[in-house]
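Listed here are the chains, written in short residue letters.
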Amino acid sequence: MFGSIIGDIIGSRFEGHNSRIKTTDFELFDKGSKFTDDTVLTIAVADWLICDPKHQHATLVKIMQTYGRMYPGAGFSHATKAWLNSDEPKPYGSFTNGAAMRVSPVGWAFDNLEETLEVAKRSAEVSHDSEQGITAAQAVSAAVFMARHHSTKAEIKAYIVQNFHYDLGRTIEGIRPNYSFDCSCEGSVPEAIMAFMDGKDYESVIRLAVSLGGDSDTQACIAGGIAEAFYGCVPKEIIKKAVRHLPSHFRKVITDFAMATEYQLPKCIY
């Protein structure tokens, strides 16, 4: 989960500036680094999993609206802003990657894949109730679940291809030259998963995701969440730099989530 948040922070300053980044050679952090709506809603999902053992839609909506209204300038889309501020928020059929970007905590919260997939579906359908939105959330949560249970990359890839029909037969090097910003599920989530597949460690996964020059914060968020679960840790120096960007109450939710689940809290978070 923290791996997702760090990916968001690192990718944040590149989103919308596709011509600036088509390489893995860049500084991970600078003065423009910040958390975005990806982090805000990842924290909201984690809080929901802690607070509501029945995983009800109404509880998640309330929690997401609370966090979203706290950080209105975090980069939410117009549709999400309207949903966050609505007195009667309803699913709006979005096929963008918003449900996939916030789902990594679900991959840590359960002991079996079936429950993981069901709760990932619930986490998506409060807003992103399209087939694409739900599929993306389930694919990412499954990847996190399998990674933390020591599945190989080949096993994770085979499961996602078979069950979610994503094309993972490409490489980041092959995609990068002609790739541009795409926030749809089908145009961004498989690429984020491929960044994880092609990476050699946590840092290289993040660099590959950002190097696409697309929806950089979200793709690094998705790839980073899977990579943390697979490699078992995030380098200490990266965590120390990233955590400076987080409010104390976000860190508390992460700590509480670790106490309630099998998530391994990085020791240098404080």
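Every residue gets a number counted from 1 within its own chain, in the order that chain's sequence is written. In view of the model being predicted, local features appear only for residues whose pLDDT reaches at least 70, and side-chain atom pairs are presented and counted only at 80 or more, with totals across whole chains, interfaces and linings using the full set of residues. The basis for the side-chain values is all heavy atoms of the structure; hydrogens and waters are excluded.

### Concerning the pattern of salt bridges
Any Lys or Arg side-chain nitrogen found within 4 Å of a carboxyl oxygen on Asp or Glu counts as a salt bridge. Taken as a whole, this structure holds nine salt bridges when the rule is applied. The shortest N-O distance in the salt bridge between Arg 170 and Glu 191 comes to 3.3 Å. Here Glu 191 lies in helix H11 (residues 185-198) and Arg 170 lies in the loop between helix H9 (153-164) and helix H10 (172-175), a separation of 21 residues in the sequence. The class for Arg 170 is partly exposed, based on a relative accessible area of 31%. Shared partners join several salt bridges into a network, and the residues in it are Asp 167, Arg 170 and Glu 191. The helix and strand labels rest on DSSP assignments: H or I over at least four residues marks a helix, E over at least two residues marks a strand, and numbering proceeds from the N terminus. The buried label applies to any residue whose accessible area, calculated with a 1.4 Å probe on protein chains only, is under 20% of its type's maximum; exposed applies above 50%, and partly exposed to all values in between.

### Topic: the packing of H9 against H11
Each axis is a line fitted through C-alpha atoms, taken for helices only over the stretch in contact, and angles between the N-to-C directions span 0 to 180 degrees. It is at 10 Å that the axes of H9 and H11 come closest, and there the two elements cross at 160 degrees. By the criterion of interaxial angle, the relationship of H9 to H11 is roughly antiparallel. In this structure, H9 crosses over H11, and the sense of that crossing is left-handed. When H9 is examined against H11, the residues Lys 153, Ile 156, Lys 157 and Ile 160 are found in contact with a partner set consisting of Ile 193, Phe 196 and Met 197. Each residue gets one of three labels, nonpolar for Ala, Val, Leu, Ile, Met, Phe, Trp, Tyr, Cys and Pro, charged for Asp, Glu, Lys and Arg, and polar for the others, Gly among them. Its residues assigned to classes, the contact of H9 with H11 comprises five nonpolar, no polar and two charged. The cut-offs work like this: below 35 degrees is roughly parallel, past 145 is roughly antiparallel, 65 to 115 is roughly perpendicular, and the gaps in between are oblique. With the far helix as reference, a near helix turned anticlockwise by less than a right angle produces a left-handed crossing, and one turned clockwise produces a right-handed crossing. The contact rule is simple, with two residues in contact once any of their heavy atoms fall within 4.5 Å.

### Here's the deal with the packing of helix H1 (residues 2-11) against helix H12 (residues 202-211)
It is at 10 Å that the axes of H1 and H12 come closest, and there the two elements cross at 45 degrees. Judged by the angle between their axes, H1 and H12 are oblique. Between H1 and H12 lies a crossing whose hand is right-handed. Judged by residue contacts, Gly 3, Ile 6, Gly 7, Ile 10 and Gly 11 of H1 engage Tyr 202, Ile 206 and Val 210 from H12. Considering only residue class, the contact of H1 with H12 consists of five nonpolar, three polar and no charged.

### Examining a positive patch on the surface
Judged by side-chain charge, Lys 236, Lys 240, Lys 241 and Arg 244 come together as a positively charged surface patch. Tracing the backbone shows Lys 240 in helix H14 (residues 236-243). Without a salt bridge and with relative accessible area above 30%, a residue can belong to a patch; like charges are then joined within 9 Å and nonpolar side chains (Val, Leu, Ile, Met, Phe, Trp, Tyr) within 5 Å. In this description, accessible areas are obtained by the Shrake-Rupley approach with a 1.4 Å probe, and a residue is regarded as covered only by the protein chains that are shown. Think of it this way: Lys and Arg go in the positive column, Asp and Glu in the negative one, and His and the chain ends go nowhere. One atom stands in for each charge, and that atom is NZ of Lys, CZ of Arg, CG of Asp or CD of Glu.

### Considering H14
Every buried residue belonging to H14 is among Ile 238, Ile 239, Ala 242 and Val 243, and all of these are buried. Each buried residue of H14 sits inside an arc of 120 degrees when the element is viewed along its axis, so together they form one side. Packing partners of the buried residues in H14 comprise H1, H12 and helix H15 (248-260). Throughout, the arc means the angular range of directions from the helix axis out to the C-beta atoms.

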